[in-house]
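Fold and geometry: a report
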Amino acid sequence: MGVVVKKVDLGWLDRTYVWPVMKGMSITFQHFIRNLFTSTAKRYTIQYPEMKKEIPAGYRGLHELKRFEDGAIKCVACFMCQEACPARCISIEAEEFSDLNITQGFEEKRPARFSIDMLRCIYCGMCEEACPKDAIWLRNDYEVAAYDRLSMKFGKWDLMNTYAEADGKDRISQDTTPTVPRRTIVM
Amino acid sequence: MDKLASLLHMTPAIFWMVVKVVIVFSAVMLLASVWTWVERRGSAMIQDRIGPNRAAIFGKIRIIGLAQLLADGIKFFFKEDLVPEEANKGLFWLAPFLAFVPALIGFAVIPFGKDFTSGGVTYHLSVLDPGNGMGLLYPLAIGGMAVYGVLLAAWSSNNKWSILGGMRASAAMVSYEIGMSLAVVSIFMTTGGYDPAEVIKAQGHLPWAWNIVHQPFGFIVFFTCMFAETNRLPFDFAEGESEIVAGFNTEYGSMKFSLLALAEYSHLMTASALVATLYFGGWQVPFVQNPAVMLSVASFLLKMLFFAWVFVWIRWTLPRFRYDQLMHLGWKVMLPLSMANLVFHAWRMSQGH
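One numbering rule holds for all chains: residues counted from 1, following each sequence as written. Starting at A for chains and at 1 for ligands, labels are handed out in the order in which the entities are written. This being a predicted model, a pLDDT of at least 70 is required before a residue's local features are given, and a value of 80 or more before pairs of side-chain atoms are given or counted; all residues contribute to the totals for chains, interfaces and linings.

**Notes on the overall build of chain B**
A run of H or I in DSSP becomes a helix once it reaches four residues, and a run of E becomes a strand once it reaches two; helices and strands are each numbered from the N terminus. What chain B contains, in helices and strands, is 13 helices and two strands. Dimensions of chain B, computed from C-alpha atoms along their principal axes, come out at roughly 60 × 55 × 45 Å. To sort residues by exposure, count the other C-beta atoms lying within 10 Å of each residue's C-beta; 20 or more gives buried, 12 or fewer gives exposed, and values between give partly exposed, all with C-beta atoms placed from the backbone. In chain B, buried positions account for 42% of the 353 residues. Considering only intrachain contacts with a sequence separation of at least 6, the fraction spanning at least 24 residues in chain B is 77%. Each residue is represented by a C-beta atom placed from its backbone, and any two residues with such atoms within 7 Å are regarded as in contact.

The following block contains the structure:
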């Protein structure tokens with residue numbers, strides 16, 4: 001299929017080349033003047049360390065392991081996220097943690113270790129999708145960097161505290177024993 | 001001044017010469033290096049960007065990106081000076097100087113201010129006094145020399161991209177230089193001399209008596225050719241990034257590269273000084289019959305910097321020309337136009353104007 005290219009019929013003024021050049025120069029000069037009187041903070045460029053982009057809702061950034069009000073981890077070590085992870089960056093070790101059981105409205109399992117290798121993670125959000133307990137969220141922090149490989153391996157406590165400051169919560173480094181039943185069991 | 005000269009064991013004439021040389025060349029080099037900053041910030045503003053603003057002295061004083069100059073200088077100074085193994089080493093070292101020196105010394109004949117008399121001696125504000133017998137033929141000849149720097153840099157680095165760039169630069173020079181020279185010749189003709197002081201005197205202080213009004217076509221031809229001469233963007237065939245890597249300076253790094261870059265900007269300064277002298281009355285201040293010396297210097301600087309800015313401005317407005325388009329422009333447009341300009345002014349002069 002042939003495409004008919006419409007040729008622009010230039011007037012004699014445009015064919016001199018000097019006039020179009022001057023038109024172009026006026027456009028660039030307008031931009032120059034406009035930017036000359038705009039402070040750098042108000043231009044299009046987001047100057048990164050000082051200014052940050054607004055993160056849209058649903059952005060998949062650094063993970064957080066969610067916790068209940070009393071500080072107990074929501075994760076029940078079901079291994080769904082580990083199975084779902086296409087990059088195989090999650091590794092979980094489960095443990096049984098109390099005498100309380102499911103009939104009393106408590107979980108019986110929790111992760112003893114939960115680690116994500118941030119260097120392998122592709123931030124696809126599959127773990128978040130797979131989680132039956134809404135225990136792992138990918139949130140808005142995108143500044144994941146470190147000086148060595150080992151510190152890019154986030155452990156359980158790193159992951160539970162990733163957004164502690166942002167949310168105004170305490171940093172925790174110890175499993176608390178749950179006091180309130182998580183659900184009421186209808187017998 | 002005589003006292004200072006005798007303290008330095010120099011005759012006053014030589015002392016004055018040394019002062020002029022130091023002032024002119026250091027000013028041109030300083031302006032050239034500042035113009036790299038102007039180019040980067042100006043282009044950023046034209047394109048709605050911000051440009052270099054991160055470099056800071058002691059990590060604090062940013063002075064709107066001017067510290068970038070220092071940072072670049074220091075970086076270039078400490079970089080490894082690589083010379084390709086197969087390069088012609090002597091010429092490889094020589095080429096940046098051959099590019100830099102002609103760009104700078106073209107400025108020598110251009111008067112940058114009104115001459116003044118002090119103690120019965122007339123001081124001329126140009127490195128070479130008027131009546132030196134070379135006049136404006138000298139910057140034209142030196143401008144022709146400048147392509148040797150590019151060509152030698154290209155040839156000595158023994159790289160196919162470089163040699164392509166150098167070949168293009170020299171071929172382009174042939175195609176625009178004739179038109180440019182003819183445009184200047186018609187100025188020489190109407191002035192009746194080729195000394196820059198005479199050219200400026202003949203133009204007078206009234207803006208409508210300047211050569212730009214009398215010879216607009218000559219101006220267009222000359223100014224366009226200056227872009228080609230300085231190897232700048234619409235006509236930067238010597239270093240087309242999209243086609244031949246970086247052209248003639250592909251193999252250059254460290255101080256040699258910065259010298260080549262500085263050569264380009266010094267050339268820009270010389271070219272804009274030439275445009276100001278030839279077509280805009282040099283140091284003449286509009287509507288001021290007999291300007292003070294400092295005023296005339298300021299006027300010249302203003303005109304020169306304006307044209308230097310136009311060089312930057314046009315660079316970020318126009319896309320590059322194709323190689324054959326410059327050939328077309330040089331041979332089929334510029335040459336006939338400047339020829340017609342010359343003939344027209346010859347005819348006018350024969351009619352007694």
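Once you've had a look at it, read on.
**Topic: the overall build of chain A**
Along the backbone of chain A there are six helices and five strands. Scanning chain A from its N terminus toward the C terminus, one meets helices and strands in the order α-α-β-α-β-β-α-β-β-α-α. Every radius of gyration here is taken over C-alpha atoms, with the globule rule written as 2.2 Å times N^0.38, N being the number of residues. Relative to the compact-globule value of 16 Å for 187 residues, chain A shows a C-alpha radius of gyration of 28 Å, a clear excess of over 25%. Overall, chain A is about 95 × 50 × 40 Å in size when its C-alpha atoms are taken along their principal axes. Scored against the burial criterion, the 187 residues of chain A give a buried share of 18%.

**Notes on the domain arrangement of chain A**
As used throughout, domain bounds are those supplied by an automatic or database domain assignment. Assigned domains within chain A: domain 1 (9-53) and domain 2 (63-167). Domain 1 of chain A and domain 2 of chain A are separated by 49 Å when their C-alpha centres are compared.

**Comments concerning the packing of helix H6 (residues 160-191) of chain B against helix H13 (residues 323-350) of chain B**
Residues and elements named next belong to chain B. A fitted line through C-alpha atoms serves as each axis, taken over the contacting stretch for helices, and the angle formed by two N-to-C directions is quoted from 0 to 180°. Axis separation between H6 and H13 bottoms out at 9 Å; the angle between their running directions is 15°. As far as their axial angle goes, H13 and H6 are roughly parallel. The two elements H6 and H13 meet at a crossing, and its hand is left-handed. Residues were grouped as follows: Ala, Val, Leu, Ile, Met, Phe, Trp, Tyr, Cys and Pro as nonpolar; Asp, Glu, Lys and Arg as charged; and all remaining residues, including Gly, as polar. For the contact of H6 with H13, the residue count by class is 17 nonpolar, eight polar and one charged. Note on angle classes: values under 35 degrees are labelled roughly parallel, values over 145 roughly antiparallel, values of 65 to 115 roughly perpendicular, and the remainder oblique. By the definition used in this description, the sense in which the near helix is turned from the far one sets the handedness, with an anticlockwise turn below a right angle giving left-handed and a clockwise turn giving right-handed.

**Concerning the nonpolar core**
What makes a nonpolar core is a set of buried Ala, Val, Leu, Ile, Met, Phe, Trp, Tyr and Cys residues, with links drawn between C-beta atoms within 7 Å. By size, the foremost hydrophobic cluster in this structure holds 80 residues, and its most contacted members are Ala99, Val150, Ala153, Ala169, Phe222 and Val275 of chain B. Considering every element that reaches this core, the biggest residue donor is helix H11 (residues 254-279) of chain B, with 14 residues. Formed by 19 residues, the second largest nonpolar core is a distinct cluster that contains Leu65, Ile90, Cys131 and Ile136 of chain A.

**Here's the deal with the interface of chain A and chain B**
Counting residues at the interface gives 14 residues for chain A, matched by 13 residues for chain B. Tallied by class, residues from the side of chain A that touches chain B come to seven nonpolar, six polar and one charged.

**Here we look at the sheet that holds strand S3 (residues 109-117) of chain A**
Residue and element names in this part refer to chain A. What the three strands build is an open sheet, ordered S2-S3-S5; its pairing is antiparallel. Here the strands that pair on one side only, and so sit at the sheet edges, are strand S2 (90-96) and strand S5 (153-154). Here the rule is simple: two strands pair whenever DSSP picks up at least two bridges between them. Of the pairings in the sheet, the one linking S2 to S3 comprises seven bridges and is antiparallel in character. In the sheet register, Ala94 faces S3, and the bridge partner there is Pro111.

**Quick notes on unusual backbone geometry**
Residue and element names in this part refer to chain B. Positive phi is not limited to glycine here, since Ser254 has a value of about 60°. Relative to the helices and strands, Ser254 resides in helix H11. With a phi angle near 65°, Phe287 is a residue other than glycine that sits in the positive phi range. Along the chain, Phe287 falls in the loop between H11 and helix H12 (293-315). Taking the C-beta count within 10 Å as the criterion, Phe287 has 9 such neighbours and is therefore assigned exposed.

**Notes on helix H5 (residues 137-156) of chain B**
Helix span, as expected, comes to 1.5 Å for every residue beyond the first. The terminal C-alpha atoms of H5 of chain B lie 29 Å apart, and with 20 residues this matches the ideal 28 Å at 1.5 Å per residue to within 8%. Once H5 of chain B finishes, Asn158 of chain B follows within two positions and takes phi at roughly 55°, a positive value.

**Examining the environment of Ala172 of chain B**
Residue and element names in this part refer to chain B. By the secondary structure assignment, Ala172 is in helix H6. For the pair Ala172 and Ala228, spaced 56 residues apart in the sequence, the C-alpha separation amounts to 7.4 Å. In contact with Ala172, other than residues within four places in its own chain, are Ala228, Phe235, Phe237 and Leu326.

**Observations concerning the confidence of the model for chain B**
Residues and elements named next belong to chain B. Considering every residue of chain B, the mean pLDDT works out to 85; 99% of them sit at 70 or more. The weakest mean pLDDT in chain B belongs to helix H10 (residues 241-244) at 74; the strongest belongs to H12 at 90. Overall fold confidence (pTM) sits at 0.80, and the ipTM for the predicted complex is 0.79. Along the chain, pLDDT gives the predictor's confidence residue by residue, from 0 to 100.

**Observations regarding the pairing of S3 of chain A**
Both S3 of chain A and S5 of chain A contribute to a ladder of two bridges, which runs antiparallel. Of the residues in S5 of chain A, the one forming a bridge with Ile116 of chain A is Phe154 of chain A.

**Points about the packing of helix H2 (residues 18-36) of chain A against helix H2 (residues 12-46) of chain B**
Between H2 of chain A and H2 of chain B, the shortest axis-to-axis distance is 7 Å and the interhelical angle comes to 100°. As judged from the angle between their axes, H2 of chain A and H2 of chain B are roughly perpendicular. From H2 of chain A, Thr28, His31, Phe32, Asn35 and Leu36 of chain A reach across to H2 of chain B, where they touch Gly42, Met45 and Ile46 of chain B. Considering only residue class, the contact of H2 of chain A with H2 of chain B consists of four nonpolar, four polar and no charged.

**Things to note about H2 of chain B**
Since the α-helix turns once every 3.6 residues, residues separated by three or four places project in the same direction. With 35 residues, H2 of chain B should reach 51 Å at 1.5 Å per residue; the first-to-last C-alpha distance of 48 Å fits that figure. Along H2 of chain B, the positions that sit buried rather than exposed are Val28, Ala32, Trp35, Glu39, Arg41, Gly42, Ala44, Met45 and Ile46 of chain B. Among the structural elements, H2 of chain A together with helix H4 (89-105), H11 and H12 of chain B are those in contact with the buried residues of H2 of chain B. In the segment just after H2 of chain B, Asp48 of chain B is the residue with positive phi, at about 60°.

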